[in-house]
Amino acid sequence: GAVVSQHPSWVICKSGTSVKIECRSLDFQATTMFWYRQFPKQSLMLMATSNEGSKATYEQGVEKDKFLINHASLTLSTLTVTSAHPEDSSFYICSARVWGGPYNEQFFGPGTRLTVL
Amino acid sequence: AQKVTQAQTEISVVEKEDVTLDCVYETRDTTYYLFWYKQPPSGELVFLIRRNSFDEQNEISGRYSWNFQKSTSSFNFTITASQVVDSAVYFCALSLQGAQKLVFGQGTRLTINP
């Protein structure tokens, strides 16, 4: 149980285009989803916390107009990188917190590798 | 503020050696949770263990063991008789009760050579 999927697993796009990444909890309801960014050989950095039905909370330094997050249902959150540039190339990982789950446990998706040319 | 430090950036050992990955955390809260995750080359994070602050009992799972010591704010991870498949980046993480964030350490890249 507690499986989280991400789509696509990798994407290559041209500079200036927008890219949408989906994060789904497949077998549980997730009131909260998280989006992380990981540069090569670095740790995961939390970008934003997404609660179903409300606006996402962004971490300091993350441009909310550039990284649009929508959490429209208890099983789906999307991250849209708008007007992507090469510096946005990174590994994006989502996680979902189990509704009513103990221990603050998060389940992670497999990640999406974004390359902006 | 909370912080997790993994001082070992990279470790390389020969197969069958034992290896310990260090994790030191900082928090003023009395209730918190500690985690270890494995990230193989595929990138997907694999959950290894969770420990809450009131449970200092050490844990063993097969070749893996964890030593939690509140006195030194450490939560170290030992792999016994390492195998090539253990090669990955390992992250230690901390979250507070009621908070939703996971704070990750910098990660330790472990390479097991045959």
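Up top is the structure these notes are about.
Definitions and cut-offs
Residues numbered from 1 in each chain as written. Chains lettered and ligands numbered in written order. Predicted model: local features only at pLDDT ≥ 70, side-chain atom pairs only at ≥ 80, totals over all residues. Heavy atoms only, no water. Core = buried A, V, L, I, M, F, W, Y, C linked by side-chain atoms within 4.5 Å. Buried < 20%, exposed > 50% of the residue type's maximum accessible area, 1.4 Å probe, protein only. Helix = DSSP H or I, 4+ residues; strand = E, 2+ residues; numbered from the N terminus. Contact = heavy atoms within 4.5 Å. 1 Å grid on protein atoms, 1.4 Å probe; cavity = no way out; pocket = protein on both sides within 12 Å on 5 of 7 lines; lining within 4 Å. Points joined across faces, edges and corners; volume = space filled by probe spheres on them. Nonpolar A, V, L, I, M, F, W, Y, C, P; charged D, E, K, R; others polar.

**Side note on the nonpolar core**
- Leu21(B), Trp36(B), Phe75(B), Phe77(B), Tyr90(B) and Leu110(B) are the most contacted members of the largest nonpolar core, which has 24 residues in total.
- When contributions to this core are tallied by element, the ones reaching two or more residues are β2 (10-14), β3 (19-21), β5 (32-39), β8 (64-69), β9 (74-79), β10 (88-96) and β12 (108-113) of chain B.
- In this view, Phe77(B) contacts Val19(B), Thr20(B), Leu21(B), Trp36(B), Leu48(B), Tyr64(B), Ser65(B), Trp66(B) and Tyr90(B); residues no more than four positions away in its chain are not counted.
- Ranked by size, the runner-up nonpolar core spans 23 residues in total, among them Ala48(A), Leu79(A), Val81(A) and Cys94(A).

**Focus on the layout of surface pockets**
- In this structure, the largest pocket occupies an estimated 490 Å³ of space.
- Together, 27 residues line the largest pocket, and Gln38(A), Pro40(A), Lys41(A), Val89(B) and Arg109(B) are the ones closest to its centre.
- Secondary structure elements with two or more residues in the lining of the largest pocket: β9 (90-97) and β11 (112-116) of chain A together with β10 and β12 of chain B.
- Top element by residues in the lining of the largest pocket is β12(B). It accounts for four residues.
- Here the residues of the lining of the largest pocket sort into 10 nonpolar, 13 polar and four charged.
- Here the second largest pocket is characterised by a volume of approximately 390 Å³.
- Lining the second largest pocket are 17 residues, and of these Leu44(A), Met45(A), Leu46(A), Val103(B) and Phe104(B) sit closest to its centre.
- Breaking the lining of the second largest pocket down by element, the ones donating at least two residues are β5 (44-51) of chain A together with β1 (3-5) and β11 (103-104) of chain B.

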